[in-house]
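The residues making up each chain are set out below.
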Amino acid sequence: MTGRIHLSPPDVGPLEESYVMAAIRSGWVAPLGPEVDAFETEMARRVGTRYALATSSGTAALHLALLAVGAGPGTVVVVPTLTFAATANAVVYTGAEPVFVDCEPATGNIDVPLLADLLDRLSATGRRVAAVVPVDMFGVCADYDALLPVCAAAGVPVVEDAAEALGATRRGRSAGAFGRAGVLSFNGNKVMTTSGGGMLLSDDGELVARCRYLATQARQPVLHYEHTDIGYNYRLSNLLAALGRAQLHRLDSMLSRRRALRERYTKLFAAVPGVRLLGDGDPTGNCWLTTIVVDPDRTGWTAARLGAHLNARDIEARPVWKPMHLQPVYRAADALLNGTAEHLFDNGLTLPSGSALGADQVDRVTTAIEEFLG
Ligand SMILES: Cc1ncc(COP(=O)(O)O)c(C=O)c1O
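Within every chain, residues take consecutive numbers counted from 1 along the sequence as written. Totals for whole chains, interfaces and linings use all residues, but because this is a predicted model, local features are given only for residues with pLDDT of at least 70 and pairs of side-chain atoms are given and counted only at 80 or more. Hydrogens and waters are ignored; side-chain quantities use all the structure's heavy atoms.

Colleague: Talk me through the pattern of salt bridges; I want residue IDs and the actual numbers.
Modeller: We define a salt bridge as a side-chain nitrogen of Lys or Arg found within 4 Å of a carboxyl oxygen belonging to Asp or Glu. All told, the structure shown has 20 salt bridges when counted by the stated rule. Arg235 is the partner of Glu40 in a salt bridge, and the nearest nitrogen-oxygen pair spans 3.8 Å. Taken together, the residues Glu40 in helix α2 (residues 34-47) and Arg235 in the loop between α7 (205-215) and α8 (238-270) connect sequence positions 195 residues apart. A single burial state applies to Glu40 and to Arg235, both of which are buried. Of the charged contacts in the structure, one is a salt bridge between Arg127 and Glu97, with a shortest N-O distance of 2.9 Å. Here Arg127, found in the loop between α5 (112-124) and β4 (128-132), pairs with Glu97, found in strand β3 (residues 97-101); they are 30 residues apart in sequence, far enough to count as distant. What makes Arg127 partly exposed here is its relative accessible area of 27%. The helix count covers DSSP runs of H or I at least four residues long, the strand count covers runs of E at least two residues long, and both are numbered beginning at the N terminus. Burial classification: accessible surface area is computed with a 1.4 Å probe over protein chains only, and a residue below 20% of its type maximum counts as buried, one above 50% as exposed, and the rest as partly exposed.

Colleague: Go over the site of the ligand with me, naming the residues and quoting the values.
Modeller: Note on definitions. A residue lies near a molecule or strand when any single heavy atom of the residue is within 4 Å of it. Taken together, 16 residues form the shell around the ligand, and within it Gly58, Thr59, Glu164, Ser185 and Lys190 come nearest. Any pair of N or O atoms that falls within 3.5 Å is considered a polar contact. Within protein, one atom must be able to donate a hydrogen and the other to accept it, and sequence-neighbouring residues count only if both atoms are side-chain atoms. Here an oxygen atom of the ligand and a side-chain polar atom of Thr59 are 2.4 Å apart. Within the side chain of Glu164, an N or O atom sits 2.7 Å from an oxygen atom of the ligand. For the shell around the ligand, the elements supplying multiple residues, two or more each, are α3 (58-68) and α4 (85-94). Lys, Arg, Asp and Glu make up the charged group, whereas Ala, Val, Leu, Ile, Met, Phe, Trp, Tyr, Cys and Pro make up the nonpolar group; the residues left over, Gly among them, are polar. Partitioned by chemical class, the residues of the shell around the ligand number five nonpolar, eight polar and three charged.

Colleague: With reference to specific residues and values, describe the pairing of strand β2 (residues 75-80).
Modeller: In terms of residue burial, β2 counts as a mostly covered element, since six of its six residues are buried. Here β2 shows a buried face lined by Thr75, Val77 and Val79 and a second buried face lined by Val76, Val78 and Pro80. Two strands are counted as paired when DSSP detects at least two bridges linking them. Here four bridges tie β2 to β4, and the two strands are oriented parallel to one another. Its bridge partner lying in β4, Thr75 is registered against Arg128. Where β2 meets β3, five bridges bridge the pair, whose relative direction is parallel. Within β3, the position partnered with Val79 by the bridge is Phe100. Handedness of a crossover is defined as follows: orient the strands so they point away from the viewer, and if the path from the first strand over the helix to the second runs clockwise, the crossover is right-handed. In this view, the connection linking β2 to its parallel neighbour β3 by way of α4 has right-handed handedness.

Colleague: I'd like a rundown of the packing of aromatic side chains, residues and numbers included.
Modeller: Ring pairs are drawn from Phe, Tyr and Trp, using the six-membered ring of Trp, whenever the two centres fall within 6.5 Å, and their geometry is named by plane angle: stacked under 30 degrees, edge-to-face over 60, tilted for the rest. Tallied over the full model, the rule gives eight aromatic pairs. Aromatic side chains Phe84 and Trp321 sit 5.1 Å apart centroid to centroid with 40° between the ring planes, which places their arrangement in the tilted category. Taken together, the residues span a long stretch of sequence, with Phe84 in the loop between β2 and α4 and Trp321 in the loop between α10 (303-312) and β12 (335-336) at a distance of 237 residues. Judged by relative accessible area, Phe84 falls into the partly exposed class, the value being 46%.

Colleague: Give a description of the environment of Cys141 that names residues and reports values.
Modeller: With respect to the helices and strands, Cys141 occurs in the loop between β4 and α6 (144-154). According to the relative accessible area criterion, Cys141 is buried, its value standing at 2%. When the C-alpha positions of Cys141 and Ala175 are compared, they lie 6.3 Å apart, and in sequence the two are 34 residues distant.

Colleague: How would you explain the side chain of Thr350 if you had to name every residue and give the values?
Modeller: Relative to the assigned elements, Thr350 resides in strand β13 (residues 348-350). Beyond its immediate sequence surroundings of up to four residues, Thr350 is in contact with Leu7, Phe138, Leu289, Thr290, Thr291, Glu316, Ala317, Arg318, Pro319 and Val320. The contact criterion used throughout is that any non-hydrogen atoms of two residues lie within 4.5 Å.

Quick look at the structure:
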């Protein structure tokens, strides 16, 4: 078998084709329509929130949620340093300033005691914190049992970045349902896709109505296009919502395939001292991207060397997110660090994890790893 094996390619087939074709034939093409309404209802039901708003991306949903909780010029928003840039960028779009906080080693999720320390320091210096944005890293929920009371005590709303975590749970509650608002991404590499898209989730009807209005060009309800706010063109199209509904039908079976792949990696690395799987202590994660963390003193090899070995065989493998405090664009931002994000960046490697990977592709990956391990 040849051809590049990707980390998490889209998993679409005949069901998606039939849903999208039906949406086209229905005439609801430009741009909203009944598929959007149904997708919002079905996703809210799945995650367990009262309301949902489908958006053109997860980044757009984050931007709207942050605006709705009051992020803007003169405020700061706390963001884990170990995340994809979109989490921090959405803060900057509002005019607020991101302040970064480090993570804990087992999952790469926000370090809650360090967050509590940071909130105390920000309060002592009189800075207004508009929100904390925990990220459910690689599909494992942050420690909300500890985090929510810390944020409540500080009077700071939580906007949950669950972009990677649809299908994950913590104590029976679904990722996306923990904060004042939660955000999902349906980008092409996520557990389900609308090719591009996202969802804002909340129990707060007023918040969702405000976001819906801002996402629809902030049009006042009159015929002549009256505007009293700056709006955005952030709604998901009806055709893409149809794709999302088909994917949602298949979500559980796609998640099972990811879990089976995770078990295969677990077995493969069980006998390799010095290698652990990030977030593996939490069986309620969605197994979005299986990531190993390598201790080179024990293995005798680095994550980068295994990554190079796989990429040379046309198998995609990447480091975890480069921490935001190391990004040139965020050089000047404040950060409270403990070294964990940098350690995970230096020693972590994400492996092909998609539900669309065929058995022969999975065999190619595991054979290449076994060959490397000797
Ligand atoms: C943690 C995190 N936040 C936000 C996003 C942004 O989502 P989108 O690509 O749908 O804008 C992503 C992924 O792309 C992500 O991984």
